[in-house]
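Residue-level structure breakdown
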Amino acid sequence: MAIIVSNSLKVDYRDPHRVVKVDLKNIIEENSFAMTCILATCNRDGNPNTAPISSWIPVDYRNIIAGIWKKSKTFSNIMKNSNVMVEILWSQDISFGISGNAKIIKESLDCNKDTSAINILVESVKVDTSPMFKVISGPIIECRSKKAEEFSRSVHNELLSLAKYLKQKNIL
């Protein structure tokens, strides 16, 4: 049973055996280039869509920015319905669902006009661990080519710069 445990990326909860403290912001920052999350969206009619997202950066404990391809169903859905869910699965039994509200914050990235930046305002975080199974790794990606790696790095670096700017200007 999923239990809401926080309204930010700093999570404290009690499982049957101990108090668990997890700093999701720190985990994402330390692994952001290798860590892939699953972003779930719905269109106006409620039809769901999921997409793996590998370019995402926490700005602070309440905001995550991500790079989204503008021609994707994910982008189209966010334009119509801002409610999203981010699922994080990672080693050491990290399994959380982040419910939030997404908005486009940069229509086109400088490094790629077909990629936009979204901000996800964290509204709640739920624990998705199972009493029967332990998460030992999450979705991990590998670039298929040097060109893909260069593209991914440029998007990642631009998102890092954007996150730094947003934090300095206290915009979000």
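The model shown is predicted, which means the values in this text are computed figures rather than measured ones. (Residues numbered from 1 in each chain as written. Predicted model: local features only at pLDDT ≥ 70, side-chain atom pairs only at ≥ 80, totals over all residues. Heavy atoms only, no water.)

1. Considering the pairing of strand E2 (residues 10-14)
- The alternating pattern of E2 places Val-11 and Tyr-13 on a buried face, while none of Lys-10, Asp-12 and Arg-14, on the opposite face, is buried.
- Bridging between E2 and strand E3 (residues 19-23) involves five bridges; their strand directions are antiparallel. If you follow Lys-10 over to E3, its bridge partner there is Asp-23.
- If you look at the hairpin formed by E2 and E3, you'll find four residues sitting between the two strands. (Buried < 20%, exposed > 50% of the residue type's maximum accessible area, 1.4 Å probe, protein only. Helix = DSSP H or I, 4+ residues; strand = E, 2+ residues; numbered from the N terminus. Pairing = 2+ DSSP bridges.)

2. Some points on helix H3 (residues 146-168)
- With 23 residues, H3 should cover 33 Å at 1.5 Å per step; its first-to-last C-alpha distance of 33 Å lies within 8% of that length.
- Of all the positions in H3, only Ser-152, Val-155, His-156, Glu-158, Leu-159, Leu-162, Ala-163 and Leu-166 are classed as buried.
- On its buried side, H3 packs onto strand E6 (56-58), strand E7 (63-69), strand E9 (94-106) and strand E10 (115-127).
- Asn-170 sits one or two residues past H3 and shows a positive phi near 55°. (Expected span 1.5 Å × (residues − 1). Contact = heavy atoms within 4.5 Å.)

3. Thoughts on the state of the cysteines
- A complete count under the given rule lists zero disulfides for this structure.
- Of the cysteine sulfurs around Cys-42, a residue in no disulfide, the closest is that of Cys-37, at 16 Å.
- With a relative accessible area of 25%, Cys-42 lands in the partly exposed category.
- Here Cys-111 is not cross-linked by a disulfide; its sulfur's nearest cysteine counterpart is in Cys-143, at 13 Å. (Disulfide = S-S within 2.5 Å.)

4. As for unusual backbone geometry
- Even without being glycine, Asp-93 reaches a positive phi, approximately 60°.
- Structurally, the position occupied by Asp-93 is in the loop between strand E8 (83-90) and E9.
- In this structure, Asn-170 is a non-glycine residue whose phi angle is positive, near 55°.
- With respect to the secondary-structure elements, Asn-170 resides in the segment after H3.
- When its relative accessible area of 64% is taken as the criterion, Asn-170 is described as exposed.

5. Points about a nonpolar patch on the surface
- A surface patch of nonpolar side chains, amounting to about 270 Å² of accessible area, comprises Tyr-165, Ile-171 and Leu-172.
- Inspection of the secondary structure puts Leu-172 in the segment after H3.
- For Leu-172, a relative accessible area of 33% corresponds to the partly exposed category. (Patch = residues over 30% accessible without salt bridge, like charges linked within 9 Å, V, L, I, M, F, W, Y side chains within 5 Å. Areas by Shrake-Rupley, 256 points an atom, 1.4 Å probe, with all protein chains shown as cover. Salt bridge = Lys/Arg side-chain N within 4 Å of Asp/Glu carboxyl O.)

6. Side note on the pattern of salt bridges
- The final tally for this structure, using the stated rule, is six salt bridges.
- Taking the shortest distance from any N to any O, the salt bridge between Lys-21 and Asp-12 comes out at 3.5 Å.
- For Asp-12, a relative accessible area of 41% translates into the label partly exposed.
- In this structure, the salt-bridge partner of Glu-158 is Lys-106, at a minimum N-O distance of 3.1 Å. Linking Glu-158 in helix H3 with Lys-106 in strand E9, this pair joins segments that are 52 residues apart in sequence.
- It is possible to trace a salt-bridge network through shared partners that takes in Lys-106, Asp-110 and Glu-158.

7. Notes on the nonpolar core
- Formed by 31 residues in total, the largest nonpolar core has its most connected members in Leu-39, Trp-56 and Phe-96.
- Looking at which element gives the most residues to this core, the answer is E10, with five residues.
- One finds Val-59, Ile-65, Ala-163 and Leu-166 within the second-largest nonpolar core, a separate group that totals 10 residues. (Core = buried A, V, L, I, M, F, W, Y, C linked by side-chain atoms within 4.5 Å.)

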